[in-house]
Amino acid sequence: MQTLLQDLRYGVRGLLKRPGFTAVVVITLALGIGANTTIFSVVNAVLLRPLPFKDSDRLVRIFESNPERNWPEFSASAPNYRDWASQQTTFEHLAAMEFSTFNISGNGEPERIPAGAVTANLFPMLGATAALGRTFLQEEEQPGHNQVVVLSHGLWQRRFGGDRNLIGKPIRLNGEPYTVVGVLPAEFEFIGERQIWTPLNLEPEKQPWRSDRTNHTLAIFGRLKPGITLDQANADMTAIAGRLEQQYAKQNTGWGIRMRSFYDWIVPRELRLSMMVLLAAVGFVLLIACANVANLLLVLAGTRRREMAIRVALGGSRTRLVRQLVTESLMLASLGGGVGVLLALWGVSTVARATVLNIPRLDEARVDGRVLGFTLGISLLTGLIFGLAPAWRATRLNLTESLKDGGMKGGTEGRNRLRSALVAAEIALALILLVGAGLMIRSFAQLQKVQLGFAPEKLLTMQINLPPAKYAGGDPRVNFFDRLVAQLKTVPGVVDAAGITQPPLTSGNWAMEVKPEGDTSNAPLSADVRAITPGYFRAMGIPLLQGRDFSEMDRGDSPLTLIVSEKLAQRCWPNENPVGKRFKPGTNNPYGEVIGVVGNVRNLRLEDEGRPAFYFSYGHIGMPNLALVVRTSVPPASLAATMRANVASLDAELPVFNIRTMDEFVATASGQQRFQTILLAVFSGLSLLLAAVGIYGLMSFLVRQRTHEIGIRMALGANRGHVLKLVVMKGLTLTLIGVVAGVIGAWALTRLMTTMLFGVTPTDSMTFAVVCGGLVIVAMLACYIPARRATKVDPLVALRYE
């Protein structure tokens, strides 16, 4: 301990004697360690932190699957769920949930709150108990007993001030009274921050659709029995699905089962891969920083050779000297780690607030004990990586030569080779990062160029859900939205307005099977479905290619009319005019006549080409929920308050929610790609800077070391061009070695990014060429400054150098 304290005291004095050197090393390390800490905190939150459920490794999400219709993962029908629950043998629990929303009124302004209707066993299955009151009872799933509600902790605090006397009291949801029976714990969060929970009534007595096996509306979850694997459960459920397919061939043909663990469902493989790529990239940055610091320490070691020789002459062992130098390196690494944590605190808070990134659990990212332990670990490891080799080199002494007054002040050829190898490695690592970033940038650029099928500029959207108790039936709903759309069109700054059940690029999807009249092929074809008000295509900027738009005639009991996308028209009636053709949407609906064809729209993801889709007039059914789209001549966000006021003028108790511009939806749809691209670009830019500094530092050192040689060359007749070439060629040789190694590494590693790219291959030759050329140019500039300095050496001064 006494020896360690001596080493620490001596190390502190040494660092204070060289403040400039210390500052450069600490800043270099802080950038690398801070970036690693930031990314690790994200990886920890998204990938490593256990899911907040009891025995989460036994929890499973169960989907119905129909690959023939391009529905690999689909919601389940109520009859199938009931049969699964009664026949399965591998689960402790099977629970169901149906997504919904509620208008809540009283205790403040009306709001629209995301909700979930669940079977009573869902909370016990998840291991969740109420923080106040209780969760649901089995009998509360029955009609007449299900007017009870469990609140999230956040809604209870925000809306009701944390009133502990709220249990047993009614609140108004969709204009009807619901009795509060419980409040969930603050840490409970499940599927999209649901804030209201009600019992799920699956009885078909007053809900005929609950007996329809084609009505897929339920999310199904299960808890495996102890000792049962996912494969065993999958085999059991697949056998059940096969029996149901035979028993109910008309409705269940082609439908199977697909199961995923909770972890794989919440954090899909593509996201895990992208997180690992980012972690590897930031690790490369730290390695480059370590190489730079190691080079600095090698230069410093050259100036301390005399000091080391005196210590050895006075009896110091090589092991003792190495320990002293490694202690100094660890002190530098610790300082860099401390500053890095401060940088990470800012970086993590910035990333966690970026909701537009659309990454699950990202808001949970924070610098906690595990992250600090990771930072401490990489700080110590970094100190050993960049400190051990210079320390070992520094203590390999020729005692007599080192003690001479005129001994070497530079480094040996071996040390120069080590410095050169470190710089070449920096260049190789930087090139790999630059290629990865270049591919992501090109991919993101391609993604931004896709044809959306509509014009998102100056579009404002808002959602409204009419409470069934107040707006019963289709006519009152249609009349309300007719009045609202007409009123919105008169607002100054509004160019056009219309409604749709689900705007493009929003979560979820409504799809139906399409059966053209006279088609006997039995080939399954599904299409996205949207209900719209007249003028929707004009408001969205979707081109009408053939036929006509919906009008006031297309509503109520009039014959069903449909408008199809260009892709659906090509699928159903290739080389024919689809206007006037008929097809049957779904299994229980009448045939409808095609009255128009519109352009394709990317409804789900930017990466997916426009799927087949069709539209019907909202006036035919009058569903309670509709999203208004408003095209403006002014910044759309500036009209949000005006839109709310217009809704309130028609119904003061009606909440308006999810007010967003269409540009925000587009940005969210590419959020993950933007996140990956920005971080890779930042890391690659940092690596390029560090590599340029590294080669500049090495060439400056070599010029200083070869001052005497350069003086002799110039005295013997060498001109400045020869000297410039001498220095630049040395740097260029190292650069080309690093580039070749980097190209080989990038060629191998970028193949792992295939699923992260869009419209570009992982071995894109243009990206490789641009990155290689750019890196060589930067390296040449870094070499040119020391080379230019070498050409100004005075031969007389240089010859007196020794």
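Keep in mind it's a predicted model, so treat the numbers as computed, not measured.

A. Structural view of the packing of helix H3 (residues 78–87) against helix H6 (residues 230–247). In the contact formed by H3 and H6, the axes pass within 10 Å of each other and the chain directions differ by 130°. Judged by the inter-axis angle, H3 sits oblique to H6. Judged by the twist between their axes, the crossing of H3 over H6 is right-handed. Taking contact as the criterion, the partners of Asn 80, Asp 83, Trp 84 and Gln 87 in H3 are, on H6, Met 237, Ile 240, Arg 243 and Leu 244. A breakdown of the residues in the contact of H3 with H6 according to their chemical character gives four nonpolar, two polar and two charged.

B. Structural view of the packing of helix H15 (residues 474–488) against helix H18 (residues 640–650). Two elements in contact, H15 and H18, have axes whose closest approach is 10 Å; the angle formed by their N-to-C orientations is 140°. In this view, H15 runs oblique relative to H18, as classed from their interaxial angle. The two elements H15 and H18 meet at a crossing, and its hand is right-handed. Packed against H15, whose contacting residues are Phe 480, Arg 483, Leu 484, Gln 487 and Leu 488, the element H18 presents Met 643, Asn 646, Val 647, Ser 649 and Leu 650 at the interface. For the contact of H15 with H18, the per-class residue count stands at six nonpolar, three polar and one charged.

C. Representation of the pairing of strand E1 (residues 59–66) in the model. Of all the eight residues making up E1, eight are buried; the element is thus mostly covered by neighbouring parts of the structure. Residues Leu 59, Arg 61, Phe 63 and Ser 65 point to one face of E1 and Val 60, Ile 62, Glu 64 and Asn 66 to the other, with burial holding for every one of them. Judged from the four bridges that link them, E1 and strand E11 (residues 216–224) form a sheet pairing that is antiparallel. Residue Arg 61 lies in a different strand from E11, and its bridge partner there is Phe 221. As paired elements, E1 and strand E12 (residues 256–261) share six bridges and run antiparallel to each other. Directly across from Ser 65, in E12, lies its bridge partner Gly 256. One ladder, built from two bridges, connects E1 with strand E2 (residues 71–74); its direction is antiparallel. Looking at E2, one finds that Glu 64 is bridged to Phe 74. Between E1 and E2, which pair antiparallel one after the other, the connecting turn spans four residues, and Asn 70 there sits at a positive phi close to 65°.

D. Structural context of the pairing of strand E19 (residues 582–585). Residue alternation in E19 divides its side chains into a buried set, Phe 583 and Pro 585, and an unburied set, Arg 582 and Lys 584. As judged from the three bridges shared by strand E15 (residues 511–516) and E19, these two strands associate in the antiparallel manner. Bridge pairing in E19 links Val 514 to Pro 585. Relative to strand E20 (residues 592–598), E19 runs antiparallel, the two sharing two bridges. Bridge assignment links Phe 583 to a residue of E20, and that residue is Gly 592. Linking two consecutive strands that pair antiparallel, namely E19 and E20, is a turn of six residues; a positive phi of about 75° is found at Gly 586 within it.

Thresholds, definitions, all that
Every residue gets a number counted from 1 within its own chain, in the order that chain's sequence is written. The predicted nature of this model means local features are confined to residues of pLDDT at least 70 and side-chain atom pairs, given and counted, to a pLDDT of 80 or more, with totals for whole chains, interfaces and linings taken over all residues. Neither water nor hydrogens contribute to the side-chain values; these are computed over all heavy atoms in the structure. For helices, the fitted axis covers only the stretch in contact; all axes are lines through C-alpha atoms, and the angles between them, taken along N-to-C directions, range from 0 to 180 degrees. Every helix listed is a DSSP run of H or I at least four residues long, and every strand listed is a run of E at least two residues long, numbered separately from the N terminus. We call two directions roughly parallel when the angle between them is under 35 degrees, roughly antiparallel when it is over 145, roughly perpendicular when it lies between 65 and 115, and oblique otherwise. Two helices crossing with the near one rotated counterclockwise from the far one by less than a right angle form a left-handed crossing, whereas a clockwise rotation gives a right-handed crossing. Contacts were defined at the residue level, with two residues in contact if any of their heavy atoms lie within 4.5 Å. Nonpolar residues are Ala, Val, Leu, Ile, Met, Phe, Trp, Tyr, Cys and Pro. Charged residues are Asp, Glu, Lys and Arg, and all others, Gly as well, are polar. Burial classes follow relative accessibility: with a 1.4 Å probe on protein chains only, a residue under 20% of its type's maximum area counts as buried, one over 50% as exposed, and anything between as partly exposed. The pairing criterion for strands is at least two bridges between them, as found by DSSP.

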